[in-house]
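Here is how the chains run, residue by residue.
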Amino acid sequence: MKGICVLGATGSIGISTLDVVGRHPELYRVVALTANQDAERLAEQCRRHRPALAVLADVGAAERLRGLLADMAGAPEVLAGPEALAQVAALPEVDIVMAAIVGAAGLLPTLAAARAGKRLLLANKEALVVAGEILMSAAAASGALLLPIDSEHNAIFQCMPAGYEHGLDQVGVERILLTASGGPFRDRPLAELEQVTPDQACAHPNWRMGRKISVDSATMMNKGLELIEACWLFGTRPERIQIVIHPQSVIHSLVQYVDGSVLAQLGNPDMRTPIAHALAWPERLSSGVSPLDLFAVGRLDFEPPGLDRFPCLSLAIQAAESGGTAPTILNAANEIAVAAFLMGRIRYTAIAPLVGATLERLPAQAVNRDGLESLLEADRQARAMAEQLLPTLVT
Ligand code: NAD
Ligand code: MG
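Note that the coordinates shown come from a computational prediction; the quantities given were computed from them, not determined experimentally.

## Digging into the overall build of the protein chain
In step 1: Along its length, the protein chain carries 16 helices and 11 strands.
In step 2: Radius of gyration (C-alpha) of the protein chain: 20 Å, near the 21 Å computed for a compact globule of 395 residues.
In step 3: Dimensions of the protein chain, computed from the C-alpha atoms along their principal axes, are close to 55 × 50 × 45 Å.
In step 4: Burial analysis of the protein chain (395 residues in total) assigns 56% to the buried set.
In step 5: Taking contacts inside the protein chain between residues at least 6 apart in sequence as the whole, the part at least 24 apart equals 69%.
In step 6: A total of about 16500 Å² of accessible surface is found on the protein chain, and carbon and sulfur atoms cover 53% of it.
In step 7: Charge-centre separation for the protein chain: the mean point of 32 positive side chains lies 3 Å from the mean point of 42 negative side chains.

Below you can see the structure in the form of structure tokens.
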């Protein structure tokens, strides 16, 4: 029996994780569940999965959860506040941590799991974007096994040969082909983008996800964050990664070898596949995902991304090339811009200019592997700068 902690249990990835775990009660025991403020859903999950601990980052929500579980026999201990997230991720009874908090808010608990040597299932890509070197070296130092949950990175991991961590050249890998659906606005006339609403941006053609990553998929900032994520996970540089638009989301990414071979991983677009893969690796586990029907899929299409349509992608590639604090600043400004768009404060077409303007005002600094504090400071400064610039982008 493996003990599991789900950070971000009430979100899209958290719910899919508990679905897979619930199919295998003989293999997994839920030790801790965490969320931000959704006490109601967390209470239901506690009744179903019976964790020893439940954490809400929001103190008032934790009080509500205690009330909701008052009549439960064997109710979990309820903790509150951001520090408690990191605390439960490092508990000795926890073998596996699913890092599925959205945004830089997930960094410290994810890092705590890496430092504690857990099997770390990483969905929270922003943690790697903000502090890739620190997170990767923490996992290497403790012996934590970091397995990617992002469907593309999980696919790349499945297509990589043994020993890739010693360098892609050593194992005959030429480049990574990172696929993208192109999101809901792939074909929308550019002139119409100014008017699109948050609900339209969140209506992804192939995946049901949280609202922040859904907007990132529409702008393709998501693919930019994923390019940075792939550089850290697979020890490579942006120029060795090609982004390919593949609207069907059936091929989840590919690895090209020097002999001309290209390996791909395919499947229905359902996050329970990468979740089950990483839970059981190197074994395999049933996930509840229906088998791929190639006759129903019929055809697979590919096209290059248009950079005039997706300016966020260009900003992310530039930040990846600059390195240092640039990806941290990019991510923080994007979190502010997406939240402002979702609240109706700015238009969709103001997201990229706000991120670009923040990056222009804050030149990137170098960081070393002990530089967590400088990264957190860059994150704070970028959020403050983006907030300050926001009114100039309201039209
Ligand atoms: P979501 O919005 O559905 O869920 C986010 C979870 O994080 C919730 O449980 C929420 O309570 C918690 N949370 C939010 N802010 C928090 C805070 N400040 N402190 C503590 N907890 C907080 O998001 P999601 O779609 O499940 O995505 C989670 C992560 O996984 C993101 O980093 C996303 O990029 C990545 N991811 C998601 C998918 C997907 O299919 N949903 C695919 C690939 C990668
Ligand atoms: Mg992805």
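## Notes on helix α14 (residues 326–342)
In step 1: The first and last C-alpha atoms of α14 sit 24 Å apart over 17 residues, in line with the 24 Å expected at 1.5 Å per residue.
In step 2: Burial analysis of α14 places 15 of its 17 residues in the buried class, the great majority of the element.
In step 3: A positive phi of about 80° marks Gly 344, the residue just after α14.

## With respect to the domain arrangement of the protein chain
In step 1: Split by domain assignment, the protein chain resolves into domain 1 (2–148), domain 2 (155–268) and domain 3 (323–393).
In step 2: Between the C-alpha centres of domain 2 and domain 3 the distance comes to 22 Å.
In step 3: Taken together, the contact pairs 18 residues of domain 2 with 13 residues of domain 3.
In step 4: Between domain 2 and domain 3 the total buried area reaches about 1300 Å² when both faces are included, carbon and sulfur atoms providing 74% of it.
In step 5: Taken together, domain 2 and domain 3 are joined by zero salt bridges.
In step 6: Elements with a minimum of two residues in the side of domain 2 that touches domain 3: α8 (198–202), α9 (211–219) and α10 (221–234).
In step 7: Element by element, the count of residues in the side of domain 2 that touches domain 3 is highest for α9, at six residues.
In step 8: Residues belonging to the side of domain 2 that touches domain 3 are distributed by class as follows: 11 nonpolar, three polar and four charged.

## A look at the pairing of strand β3 (residues 53–56)
In step 1: Taking every second residue as pointing to the same face, both faces of β3 are buried, with Leu 53 and Val 55 on one and Ala 54 and Leu 56 on the other.
In step 2: Relative to β3, strand β2 (residues 28–35) runs parallel, the two being bridged by four bridges. When the sheet's bridge partners are listed, Ala 35 is paired in β3 with Leu 56.
In step 3: Read as a crossover between parallel neighbours, the route from β2 over helix α2 (residues 39–49) to β3 is right-handed.

## Some words on the nonpolar core
A general trend in soluble globular proteins is that nonpolar side chains are found buried together.
In step 1: Leu 279 and Leu 330 are the most contacted members of the largest nonpolar core, which has 139 residues in total.
In step 2: The element best represented in this core is α14, accounting for 10 residues.
In step 3: Once residues within four sequence positions are removed from consideration, Leu 330 is found in contact with Met 221, Leu 225, Ile 228, Leu 315, Ala 316, Ala 319, Val 355 and Leu 359.

## Description of the sheet that holds strand β10 (residues 251–257)
In step 1: The strand order across the open sheet built from four strands is β9-β8-β10-β11, with neighbouring strands paired in mixed fashion. Both outer strands of the open sheet, β9 (241–245) and β11 (262–266), are each paired with one neighbouring strand and no more. Going from strand to strand, the sheet's axes swing by 20° on average, the running direction of each strand aside.
In step 2: In the sheet, strand β8 (residues 173–180) pairs with β10 via four bridges, with the strands oriented antiparallel. Counted as the bridge partner of Val 173 is Tyr 257 from β10.
In step 3: The sheet contacts of helix α7 (residues 151–159) involve β8, β10 and β11, and relative to β10 the element is tilted by about 40°.

## Description of the coordination of the magnesium ion (ligand 2)
In step 1: Distances from the magnesium ion (ligand 2) to its protein donors, Asp 150 (OD), Glu 152 (OE) and Glu 226 (OE), fall within 2.1 to 2.2 Å.
In step 2: For the magnesium ion (ligand 2), the single-chain donor residues occur in sequence as D-x1-E-x73-E. One end of the pair, Glu 152, is in helix α7; the other, Glu 226, is in helix α10, and 74 residues separate them in sequence.

## Points about the pairing of β10
In step 1: For β10, the tally of buried residues reaches seven of seven residues, placing the bulk of the element in the interior.
In step 2: Pairing of β10 with β11, which is carried by five bridges, proceeds in the antiparallel orientation. The residue bridging Gln 256 from the neighbouring strand is Val 262, located in β11.
In step 3: Taking the residues between adjacent antiparallel strands as the criterion, β10 and β11 are bridged by four residues, where Gly 260 takes a positive phi near 95°.

## What to know about unusual backbone geometry
In step 1: The omega torsion of the bond from Trp 281 to Pro 282 falls at 5°, within 30 degrees of zero and hence cis.
In step 2: Of note in the backbone geometry, Ser 253 takes a positive phi value of approximately 155° without being a glycine.
In step 3: Summarising the element assignment, Ser 253 is placed in strand β10.

## What about empty space enclosed by the protein?
The method is simple in principle: a probe with the dimensions of a water molecule rolls over the atoms, and the space it marks as empty is what remains.
In step 1: Counted according to the given criterion, the structure contains one cavity of 30 Å³ or more.
In step 2: Size it by volume and the largest cavity reaches roughly 40 Å³.
In step 3: Lining the largest cavity, in full, are Ser 151, Asn 154, Ala 155, Trp 207, His 252, Gln 265, Asn 268, Asp 270 and Pro 274.
In step 4: Among the elements that line the lining of the largest cavity, the one with the most residues is α7, at three residues.
In step 5: Across the lining of the largest cavity, the residue classes break down as three nonpolar, five polar and one charged.

## Thoughts on the state of the cysteines
Formally, a disulfide is one covalent bond, and it connects the sulfur atom of one cysteine to the sulfur atom of another.
In step 1: Enumeration over the complete set of coordinates arrives at zero disulfides.
In step 2: Looking at the unpaired Cys 5, the closest cysteine sulfur is the one in Cys 46, lying at 12 Å.
In step 3: For Cys 5, a relative accessible area of 0% corresponds to the buried category.
In step 4: Left unpaired, Cys 159 is separated from the closest cysteine sulfur, that of Cys 231, by 18 Å.

Criteria and thresholds
- Residues numbered from 1 in each chain as written.
- Chains lettered and ligands numbered in written order.
- Predicted model: local features only at pLDDT ≥ 70, side-chain atom pairs only at ≥ 80, totals over all residues.
- Heavy atoms only, no water.
- Helix = DSSP H or I, 4+ residues; strand = E, 2+ residues; numbered from the N terminus.
- Rg over C-alpha atoms; globule rule 2.2 N^0.38 Å.
- Buried < 20%, exposed > 50% of the residue type's maximum accessible area, 1.4 Å probe, protein only.
- Contact = heavy atoms within 4.5 Å.
- Areas by Shrake-Rupley, 256 points an atom, 1.4 Å probe, with all protein chains shown as cover.
- Lys, Arg positive; Asp, Glu negative; His and termini not counted.
- Charge placed at Lys NZ, Arg CZ, Asp CG, Glu CD.
- Expected span 1.5 Å × (residues − 1).
- Domains from an automatic or database assignment.
- Buried area = accessible area lost by both parts, 1.4 Å probe.
- Salt bridge = Lys/Arg side-chain N within 4 Å of Asp/Glu carboxyl O.
- Nonpolar A, V, L, I, M, F, W, Y, C, P; charged D, E, K, R; others polar.
- Pairing = 2+ DSSP bridges.
- Right-handed = clockwise from strand over helix to strand, strands pointing away.
- Core = buried A, V, L, I, M, F, W, Y, C linked by side-chain atoms within 4.5 Å.
- Axes fitted to C-alpha atoms, helices over the stretch in contact; angles between N-to-C directions.
- Donors = N, O, S within 2.8 Å, 3.2 Å for Na, K, Ca; no water.
- 1 Å grid on protein atoms, 1.4 Å probe; cavity = no way out; pocket = protein on both sides within 12 Å on 5 of 7 lines; lining within 4 Å.
- Points joined across faces, edges and corners; volume = space filled by probe spheres on them.
- Disulfide = S-S within 2.5 Å.

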